[in-house]
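Understanding the architecture of this molecule
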Amino acid sequence: MSPRDLVLTPRGVRFWGRNFPCSIGKGGVRADKREGDGATPVGKHRIVGMLYRADRMTSPAPWAQPIGPGDLWSDDMGDAAYNHLVRAPYGHSHERLRRADPLYDLVLVTDWNWPDAEPGRGSAIFIHQWRRPGYPTEGCVAFSRRDLHWIAGRIEPGSRLIIPPR
């Protein structure tokens, strides 16, 4: 493991020699992740993208991409673009990336079940802002706004989110 990796521990996530409190999926940590189970998938997931709301913040890193008004993420298992960024209008089931709340103001995209998505294996496993401390996610890893911004300013493409079995 590299100090540039994010490693889930019983005390939070370790990164750059620091521990950060986090929230994980309401379904716990699972090796057999399925769409809609609320679980955070076990594995070593590369960071493959960073998205941010340019209308709410400045770019957190040179490689970050702004989230546009029509940006969506397909979560439809029958869709050829399942677990990929898509744009509105879009007829399949999807998640809006440009939300009214601040949860997706800054998003680190992992390579869980991407780019060659297996239908039903889970989609949109991101690193993002939490609702509040201890409030579980739908399978993502979430941090306080301050900690997420600190991490985003230091993480690099290809860094890994390591989720060990529990």
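Counting of residues starts from 1 at the beginning of each chain's written sequence and follows it residue by residue. Per-residue local features are limited, in this predicted model, to residues with pLDDT of at least 70; the limit for side-chain atom pairs, both in listing and counting, is 80 or more; totals at the level of whole chains, interfaces and linings are taken over all residues. To get the side-chain values, all heavy atoms of the structure are used, and hydrogens and water are removed first.

Note the threshold: UniProt positions are given in the numbering used here, feature names are shortened, and annotations may be inferred rather than shown by experiment.
By the naming in an unreviewed UniProt entry, the protein goes by L,D-transpeptidase family protein and is assigned to Ruegeria sp. PrR005. Comment text from UniProt for the protein, heading Pathway (unreviewed entry), reads "Cell wall biogenesis; peptidoglycan biosynthesis." Per UniProt, the protein carries the Sequence similarities (unreviewed entry) text "Belongs to the YkuD family."

1. Topic: the nonpolar core
Threshold: Residues grouped as a nonpolar core are buried Ala, Val, Leu, Ile, Met, Phe, Trp, Tyr and Cys residues, joined through side-chain atoms within 4.5 Å. Relative accessibility decides the category of a residue: with a 1.4 Å probe and only protein chains considered, values under 20% of the type maximum give buried, values over 50% give exposed, and everything between is partly exposed. The way it works is that DSSP assigns letters per residue, a run of H or I at least four long becomes a helix, a run of E at least two long becomes a strand, and they are numbered from the N terminus. For this analysis, residues touch if any pair of their heavy atoms sits within 4.5 Å.
In terms of nonpolar packing, the biggest core is built from 25 residues, with Leu-6, Met-50, Ile-127, Val-141, Phe-143, Ile-151 and Ile-155 touching the most fellow members. Breaking this core down by element, the ones donating at least two residues are β1 (6–9), β2 (12–15), β6 (43–52), β11 (106–110), β13 (141–143), α1 (145–152) and β14 (160–163). When residues in this core are grouped by element, the largest group, 4 residues, is from α1. Among all residues touching Ile-151, those that are not within four sequence positions of it are Leu-6, Phe-15, Phe-20, Leu-108 and Phe-143. Counting 11 residues, the second largest nonpolar core, distinct from the first, contains Leu-51, Leu-103, Tyr-104 and Cys-140.

2. Structural notes on the UniProt feature "active site" (unreviewed entry) in the protein
To be explicit about the condition: Only protein atoms enter the 1 Å grid used here. Points where a 1.4 Å probe fits but cannot escape make up a cavity, open sets with protein on both sides within 12 Å along at least five of seven lines make up a pocket, and a residue lines them when an atom lies within 4 Å of a point.
Those places that UniProt annotates as "active site" (unreviewed entry) correspond, in this numbering, to His-128 and Cys-140. The subset of these annotated residues that lines the largest pocket comprises His-128 and Cys-140. Tracing the chain through its elements places His-128 in strand β12 (residues 126–129). By relative accessible area, which is 5% here, His-128 ends up buried. In this view, His-128 contacts Leu-103, Tyr-104, Leu-106, Val-107, Thr-137, Cys-140, Val-141, Ala-142, Phe-143 and Leu-148; residues no more than four positions away in its chain are not counted. Within the secondary structure layout, Cys-140 lies in the loop between β12 and β13. Looking at Cys-140, the relative accessible area reads 5%, which means it is buried.

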